[in-house]
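# Observations on the three-dimensional arrangement
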Amino acid sequence: METEFATNISPDEALTRLKHHLARMVLAAFIFTFVMARILVIFIMAGKLPPALFFHVKGTHVHHLNYGIFLLSFSGAALQFAQPKGKWLTLVAVIYGIGLGLTFDEFGMWLHLGGLYWQRASYDAVVTVAALLALIAYGSTIRKWRPQHVITLIVLIAMLCVFGVILKKSLTWASHDFGPRLYELEMNGPS
């Protein structure tokens, strides 16, 4: 992995490429984990998968944000104490992305200290984290910005505003059409 970033480029450029690569790994793991967590929860609550997939300790449901917290702690400790390189560093980045996905999937629950799983705050947090990761993964460093980058930024901000309006309308529609079914699944499904 390290040789991929170190051929015929400056050390600063190699470090920048490594950071972008790691951010792309975190972003991919984050989005994949969020989507899979949502799909699995829907299937479990709809009775398509066994309720035993929900882990309980002495009658208390252990939410998957707890797994995410442990993965975030593990990846932080690995970076601090083991200082991995090459493929190990990529693996820690993926573990970090999975931990972020599991934790932020239930952001609304830990923000409001409980409540229903289907909280809008979780979606908002996931979109925000994904956008920040995408900027780190694919964005240019500000020192290297040229006029076309500024134009791209302006277009991106305009597109994000349009996306925000469309997202709000689609979430309102989804909440109206699917919300009652999701809440019914959660209330009647396994706890």
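Shown above is the structure to which this text applies.
Residues numbered from 1 in each chain as written. Predicted model: local features only at pLDDT ≥ 70, side-chain atom pairs only at ≥ 80, totals over all residues. Heavy atoms only, no water.

### A look at the overall build of the protein
The criterion, for reference: Segments assigned H or I by DSSP are reported as helices when at least four residues long, segments assigned E as strands when at least two residues long, and all are numbered from the N terminus. Throughout this description, buried means an accessible area under 20% of the type-specific maximum (1.4 Å probe, protein chains only), exposed means over 50%, and partly exposed covers the range between. Whether two residues touch is decided by their heavy atoms; if any such pair falls within 4.5 Å, the residues are in contact. The method behind every accessible area is Shrake-Rupley, applied with a 1.4 Å probe, and residues are considered shielded solely by the protein chains displayed.
Within the protein, the regular secondary structure consists of 8 helices and 2 strands. Considering the protein as a whole, with its 191 residues, one finds that 31% of them fall into the buried category. Across the protein, contacts joining residues at least 24 apart in sequence account for 67% of those joining residues at least 6 apart. With the model as given, the accessible surface of the protein reaches about 12,500 Å², and the carbon-plus-sulfur share is 72%.

### Things to note about the nonpolar core
Rules: Residues belong to one nonpolar core when they are buried, are Ala, Val, Leu, Ile, Met, Phe, Trp, Tyr or Cys, and are joined through side-chain atoms within 4.5 Å.
If you look at the biggest cluster of nonpolar residues, it comprises 16 residues, and the most contacted ones within it are F30, L100, F104 and L133. The set of elements that each furnish at least two residues to this core consists of α2 (11-45), α4 (86-105) and α6 (120-138). Examining the composition of this core, we find that 6 residues originate from one element, α6, more than from any other. Non-local contacts of L100, meaning those with residues more than four positions away in its chain, are made with V26, F30, L72, D105 and L133.

### A word on the side chain of E106
Convention followed: Residues counted as positive are Lys and Arg, residues counted as negative are Asp and Glu, and His and the chain ends are not counted. A pairing counts as a salt bridge when a side-chain nitrogen of Lys or Arg comes within 4 Å of a carboxyl oxygen of Asp or Glu. Pairs of N or O atoms are called polar contacts if they sit within 3.5 Å, as long as, within protein, a hydrogen donor faces a hydrogen acceptor (for residues adjacent in sequence, only side-chain-to-side-chain pairs).
Relative to the assigned elements, E106 resides in the loop between α4 and α5 (107-111). Buried and unpaired, E106 has R38 as its nearest opposite-charge partner, separated by 7.2 Å. For E106, the side chain forms a polar contact with the main-chain nitrogen of L65, separated by 3.1 Å.

### Details of the side chain of S75
Considering the arrangement of structural elements, one finds S75 in helix α3 (residues 64-82). Classification of S75 as buried rests on a relative accessible area of 0%.

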